[in-house]
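The lines below spell out each chain.
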Amino acid sequence: MKYIKEFRDGKKAQILADKIKKEIKQNYAFMEFCGGHTHAIFRYGLQDLLPPEIKMIHGPGCPVCILPEKVIKQAIDLTMDPNILFCSYGDLLRVPGPKGDTLLKARSRGANISMVYSSLDALSLARKNPDKKIIFMGIGFETTAPATAMAIKMASDEKLNNFFVFCNHVLTPSAIQNIFNSPDLRDMKELKIDGLLGPSHVSSIIGTKPYDYFAEEFEKPVVVAGFEPLDVLQAILMLVKQVNEKRAVVENQYTRVVDVEGNKKAKDLVAEIFELERNFEWRGLGIIPYSSLKIKKAYEYFDIKNHVTLSEENVLGHKACQCGAILRGTKTALDCKLFGNPCTPENPLGPCMVSAEGACGAYYHWYKSKDDIAQRPIDLR
Amino acid sequence: MCLAIPAKIEKMLSGEFAIVDVGGIKKEISIALVPDVVEGDYVIIHVGFALNKLDEAEALKTLEIMEQINEIH
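Residues numbered from 1 in each chain as written. Chains lettered and ligands numbered in written order. Predicted model: local features only at pLDDT ≥ 70, side-chain atom pairs only at ≥ 80, totals over all residues.

### Focus: the interface of chain B and chain A
Now for step 1: Taken together, the contacts link 30 residues of chain B with 45 residues of chain A.
Now for step 2: Of all elements in the fold, only strand 1 (5-13), strand 4 (42-46), strand 5 (49-54) and helix 1 (56-72) of chain B reach the threshold of two or more residues within the side of chain B that touches chain A.
Now for step 3: Among the elements that take part in the side of chain B that touches chain A, helix 1 of chain B stands out by supplying 8 residues, more than any other. (Contact = placed C-beta atoms within 7 Å. Helix = DSSP H or I, 4+ residues; strand = E, 2+ residues; numbered from the N terminus.)

### Some details on the pairing of strand 7 (residues 195-198) of chain A
In summary, the side chains of a regular strand alternate between the two faces of the sheet.
Residue and element names in this part refer to chain A.
Now for step 1: Burial along strand 7 is two-sided: G195 and L197 facing one way and L196 and G198 facing the other are all buried.
Now for step 2: Sheet topology places strand 1 (residues 28-34) next to strand 7; 3 bridges connect them, and they run parallel. Across the sheet, residue E32 finds its bridge partner in strand 7, namely L197.
Now for step 3: Pairing of strand 7 with strand 8 (residues 222-224), which is carried by 3 bridges, proceeds in the parallel orientation. Residue pairing in the sheet places L196 in a bridge with V222 of strand 8. (Buried ≥ 20, exposed ≤ 12 C-beta atoms within 10 Å, placed from the backbone. Pairing = 2+ DSSP bridges.)

### Looking at the sheet that holds strand 2 (residues 54-61) of chain A
Strand pairing within a sheet occurs via backbone hydrogen bonds; the two strands may be parallel or antiparallel.
Residues and elements named next belong to chain A.
Now for step 1: One open sheet holds the 5 strands; their spatial order is 2-1-7-8-9, and the pairing between them is parallel. Of all the strands in the sheet, just strand 2 and strand 9 (250-252) have a single pairing partner and so form its edges. Each strand of the sheet is rotated relative to its neighbour by a mean of 25°, with strand direction disregarded.
Now for step 2: The strands that helix 8 (residues 172-181) touches are strand 1, strand 2 and strand 7; relative to strand 2, the one it contacts most, it runs at about 130°. (Axes fitted to C-alpha atoms, helices over the stretch in contact; angles between N-to-C directions.)

### Looking at the domain arrangement of chain A
Residue and element names in this part refer to chain A.
Now for step 1: Looking at the assigned domains, one finds that chain A contains domain 1 (1-320) and domain 2 (323-374).
Now for step 2: On a C-alpha basis, the centres of domain 1 and domain 2 stand 18 Å from each other.
Now for step 3: Listed as interface residues are 33 residues of domain 1 and, on the opposing side, 22 residues of domain 2.
Now for step 4: Of all the secondary-structure elements, those providing two or more residues to the side of domain 1 that touches domain 2 are helix 2 (35-43), strand 2 and helix 9 (183-187).
Now for step 5: Ranked by residues supplied to the side of domain 1 that touches domain 2, first place goes to helix 2 with 6 residues.
Now for step 6: Considering only residue class, the side of domain 1 that touches domain 2 consists of 17 nonpolar, 11 polar and 5 charged. (Domains from an automatic or database assignment. Nonpolar A, V, L, I, M, F, W, Y, C, P; charged D, E, K, R; others polar.)

### As for helix 15 (residues 359-367) of chain A
Now for step 1: Helix 15 of chain A sits mainly inside the fold: 7 of its 9 residues count as buried.
Now for step 2: Within helix 15 of chain A the residues assigned to the buried category are A359(A), C360(A), G361(A), A362(A), Y363(A), Y364(A) and Y367(A).

### Some points on the environment of Q253(A)
Residues and elements named next belong to chain A.
Now for step 1: Relative to the helices and strands, Q253 is located in the loop between strand 9 and helix 13 (264-273).
Now for step 2: Distance from Q253 to I236, taken between C-alpha atoms, is 9.8 Å for residues 17 residues apart in sequence.
Now for step 3: Ignoring anything within four residues of it in the chain, the contact list for Q253 reads V223, V224, A225, G226, D231, Q234, A235 and M238.

### Description of the confidence of the model for chain A
Now for step 1: When the pLDDT values of chain A are averaged, the result is 90; 94% of them are 70 or greater.
Now for step 2: Confidence over residues 376-381 of chain A falls short of pLDDT 50; this stretch has 9 contacts with residues more than four positions distant or in other chains. (pLDDT = per-residue confidence, 0-100.)

### Concerning helix 8 of chain A
Now for step 1: Within helix 8 of chain A, burial applies to T172(A), A175(A), I176(A) and I179(A). In a view along the axis of helix 8 of chain A, the buried residues occupy a sector of 100°, so they form one face of it. (Arc of directions from axis to C-beta.)

### Here's the deal with the nonpolar core
Now for step 1: The biggest cluster of nonpolar side chains holds 147 residues, and the ones touching the most others in it are F30(A), I135(A), I236(A), V43(B) and A50(B).
Now for step 2: A total of 9 residues in this core trace back to one element, the largest contributor, which is helix 12 (residues 229-244) of chain A.
Now for step 3: Of the domains in this structure, domain 1 (1-320) and domain 2 (323-374) of chain A are the two that each give at least three residues to this core.
Now for step 4: Residues within four places of I236(A) in sequence aside, it is in contact with I20(A), F30(A), L50(A) and I54(A). (Core = buried A, V, L, I, M, F, W, Y, C linked by C-beta atoms within 7 Å.)

### Considering the packing of helix 6 (residues 119-128) of chain A against helix 7 (residues 145-157) of chain A
Residues and elements named next belong to chain A.
Now for step 1: At a closest axis distance of 8 Å, the pairing of helix 6 and helix 7 adopts a crossing angle of 25°. Between helix 6 and helix 7, the interaxial angle falls into the category roughly parallel. The handedness of the crossing between helix 6 and helix 7 comes out as right-handed. Contacts between helix 6 and helix 7 involve S119, L120, A122, L123 and A126 from the former and A147, T148, M150, A151, M154 and A155 from the latter.
Now for step 2: Here the residues of the contact of helix 6 with helix 7 sort into 9 nonpolar, 2 polar and no charged. (Parallel < 35°, antiparallel > 145°, perpendicular 65-115°, else oblique. Left-handed = near helix turned anticlockwise from the far one by under 90°.)

### Things to note about the packing of helix 2 of chain A against helix 15 of chain A
Residues and elements named next belong to chain A.
Now for step 1: Orientation of helix 2 relative to helix 15, taken along the N-to-C sense of each, is 15°, at an axis distance of 9 Å. Between helix 2 and helix 15, the angle falls in the class roughly parallel. Regarding helix 2 and helix 15, the two cross each other, and that crossing is right-handed. Each of T38, H39, F42 and R43 in helix 2 lies in contact with helix 15, whose residues at this interface are A359, A362, H365 and W366.
Now for step 2: Classifying every residue of the contact of helix 2 with helix 15 by side-chain character gives 4 nonpolar, 3 polar and 1 charged.

Okay, here's the thing in structure tokens:
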């Protein structure tokens, strides 16, 4: 496909990797915030291509991975009502909640749960089923928030009274700030982060401007990068050069899609429908103030939280699961006793195993087992 | 989750929708977030929406920079 295959050229990838090698002056640890980058790094074996001095730390930018067990339980509780048709994006259905229960298991018990590709599909279901209440579970970062906002706006314009949103949209800059402020990252010398690979499509909406703060306040270089392998390698080269030159600025590798300001229309729409929620609990990162979106008063009818009381009971996940530390970048999938057995993508015990964008899912999908990883020439850890 | 892909706008439809071509597969998407696109433009699509226009000149520029790395190599 045009504008994809050009950025997957193996020969150019090798040249970029060689160029990076020549620039190496120290050890570097870079965090890729976004699960899309994690996926690309594993899928194209970029860690094997990179010199061993470069360590990629996989960040928390996988929207299903950061949902706490409590939210999964709330979602499952919502599906208990037979008049409800619950809609969500596919990955969410397999995220384990309390005692390993999932939306998929709830569906096998008879709950009406539908996997949708778009918020607009959920809206169509509302139009076609006036006797049912349609709940769309809005999840994701700034990339998916405009889609949920648009569905709410259209439902309001059409005066649809059977469409509701269970809103769990989260914000990238708040999470990055939390990671940079996290005591285990600040105190553990070996885990310092030298720079940040900025998200691709989140940035297509918010622009590069919000990252200026991190470059200035934490003196870390940020390079916004596309999701293709050459994009990632070029961005890593840009990060290495910044570190070598002791610079810490925001640079944009993904200029074909991202600019400084982002998509104004999408941002305005999100601002019209949503406001900042005071607190949101992230799996692994804990409660981060003003890090998520809630539906504004003018559109409160569409907020399911105004129609149903959700259980705020704290739910604990599997006690050996290391997803929390993995999301903070302080442990890897290989540090977890559950990895590969019994925790697999078919039977995920923690959220990072659910999707190939989650750190554990990516490790498992591309390397399968600890033995496989041990046999590889470069230490992936 | 945020994996969005480039697609070419084949045909504009009414009500801020368009048909795009994704590697041979035709798909109807919303172009409400990118109001200034025209047929033939490339857009980045995600969960049924065009998120942004893909700037073809910038794409070529990025590829050129990569080529130059090759030359100085």
